[in-house]
Amino acid sequence: MSAPPGRGTATPGEPPGLARLVLWRHGETEYNAVGRMQGHIDAALTTVGWDQARFVVPRLSRFAPDLVVASDLRRAGDTATVFTEAMGVPLRVDKRLRETHLGQWQGLTAAEVDARWPGERLRWRADASWAPPGGESRVDVADRAHGVVTELEQAGDYESGTVMLVAHGGLIVALTARLLGLPLELWPRLAGIGNCHWVELAADPGGWRLLAYNAGPE
């Protein structure tokens, strides 16, 4: 069976389609350091976050992506720039790669959320279709991020066939679940992604295959 267009195959003399995705989470931010939920709040990288990004560039360089696409939130854009400036790779910004909008929870700690909305944070973690008050569900986030991947697949004019998306922990988990075709009830089984850790996915004729999850420099 042949692979569909944009899935890493090409006729002789044509550039390959999208064969591999690397989903890279941004470095540590001020909010990460104090345990506050960010969502769409545009928090800056800490000194540690900048150093994390610089430290993993040599590890990520082996992927040799043709293109890097980053969330428009500066923690992702700054992390992406560390890589693209070091490697000379084009950078594109796409707001569809933003983190989950957490509504009324944004800026709060887990303890503050639990005090104001008892039991709701556990419900959110267990149900990918449930959203915080005024926010998005993981399904919502996966849907908008999947649009980015679909467009990258349709472009299909890559030299190496690899694209890196620099985004956020919640989005990366949701997008990974969506690309793997996991049933919604299994989405909560995927653990979170550490700062400056990544997921690697390879294109298969029938979809995507997971090669690495929450990989890091350790």
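Residues numbered from 1 in each chain as written. Predicted model: local features only at pLDDT ≥ 70, side-chain atom pairs only at ≥ 80, totals over all residues. Heavy atoms only, no water.

1. Some thoughts on the overall build of the protein chain
Helix and strand content of the protein chain: seven helices and six strands. In the protein chain, the succession of α and β elements from N to C terminus is β-α-α-β-α-β-α-α-α-β-α-β-β. Taken over C-alpha atoms, the radius of gyration comes to 17 Å for the protein chain, in line with the 17 Å a tight globule of 218 residues would show. Dimensions of the protein chain along its principal axes, counting C-alpha atoms only, are 60 × 40 × 30 Å. Taking all contacts inside the protein chain whose residues are at least 6 apart in sequence as the whole, residues at least 24 apart take part in 68%. As displayed, the protein chain offers around 9800 Å² of accessible surface, 51% of which is attributable to carbon and sulfur atoms. One finds the centroid of the 22 positive side-chain charges in the protein chain at a distance of 4 Å from the centroid of its 26 negative side-chain charges. (Helix = DSSP H or I, 4+ residues; strand = E, 2+ residues; numbered from the N terminus. Rg over C-alpha atoms; globule rule 2.2 N^0.38 Å. Contact = heavy atoms within 4.5 Å. Areas by Shrake-Rupley, 256 points an atom, 1.4 Å probe, with all protein chains shown as cover. Lys, Arg positive; Asp, Glu negative; His and termini not counted. Charge placed at Lys NZ, Arg CZ, Asp CG, Glu CD.)

2. So, the sheet that holds strand β3 (residues 91-93)
Within the open sheet, the six strands sit side by side as β3-β2-β4-β1-β5-β6. Their pairing is mixed. Of all strands in the sheet, those with a lone pairing partner are β3 and β6 (207-215), marking the two edges. Here the strands of the sheet are splayed against their neighbours by 20 degrees on average, with no regard to which way each runs. Sheet topology note: the strand β2 (residues 67-70)/strand β4 (residues 162-167) ladder contains four bridges and is parallel. Paired with Ala 70 across the two strands is Val 166, which belongs to β4. Strands in contact with helix α3 (residues 74-87) are β1 (20-25), β2, β3 and β4; relative to β2, the strand with the most contacts, it is inclined by about 165 degrees. (Pairing = 2+ DSSP bridges. Axes fitted to C-alpha atoms, helices over the stretch in contact; angles between N-to-C directions.)

3. Points about the packing of aromatic side chains
What the rule picks out here adds up to four aromatic pairs. Plain terms: the ring middles of Trp 105 and Trp 130 are 6.0 Å apart, the flat faces sit at 45 degrees to each other, and that makes the pair tilted. Taken together, the positions of Trp 105 in the loop between β3 and α4 (110-116) and Trp 130 in the loop between α5 (120-126) and α6 (138-155) put the pair 25 residues apart, joining distant regions of the chain. A relative accessible area of 0% places Trp 105 in the buried class. Members of the aromatic cluster, each reached through a chain of ring pairs, are Trp 105, Trp 117, Trp 124 and Trp 130. (Phe/Tyr/Trp six-rings, centres within 6.5 Å; stacked < 30°, edge-to-face > 60°. Buried < 20%, exposed > 50% of the residue type's maximum accessible area, 1.4 Å probe, protein only.)

4. What to know about the environment of Thr 29
Turning to its location among the elements, Thr 29 is positioned in the loop between β1 and α1 (30-34). Here the alpha-carbon distance between Thr 29 and Gly 49, two residues 20 residues apart in the chain, equals 6.2 Å. Contact partners of Thr 29, with chain neighbours within four places excluded, come to Gln 38, Ala 43, Ala 44, Leu 45, Thr 46 and Arg 75. Side-chain polar atoms of Thr 29 contact the side chain of Gln 38, separated by 2.6 Å. (Polar contact = N/O pair within 3.5 Å; in protein donor to acceptor, adjacent residues only side chain to side chain.)

5. Let's talk about the packing of helix α2 (residues 47-60) against α3
In the contact formed by α2 and α3, the axes pass within 9 Å of each other and the chain directions differ by 45 degrees. With respect to their mutual orientation, α2 and α3 come out oblique. Regarding α2 and α3, the two cross each other, and that crossing is right-handed. Within the contact between the two elements, α2 uses Trp 50, Ala 53, Arg 54, Val 57 and Leu 60 and α3 uses Asp 78, Thr 79, Val 82, Phe 83, Ala 86 and Met 87. (Parallel < 35°, antiparallel > 145°, perpendicular 65-115°, else oblique. Left-handed = near helix turned anticlockwise from the far one by under 90°.)

6. Focus on α3
Because an α-helix packs 3.6 residues into every turn, residues spaced three or four apart end up facing the same way. Between its first and last C-alpha atoms α3 spans 19 Å; for 14 residues at 1.5 Å apiece the expected length is 20 Å, and the two agree. All of the buried residues along α3 are Arg 75, Ala 76, Gly 77, Thr 79, Ala 80, Val 82, Phe 83 and Thr 84. On its buried side, α3 packs onto β1, α2, β2, β3 and β4. Backbone geometry just downstream of α3 places Gly 88 in the positive-phi region, at approximately 70 degrees. (Expected span 1.5 Å × (residues − 1).)

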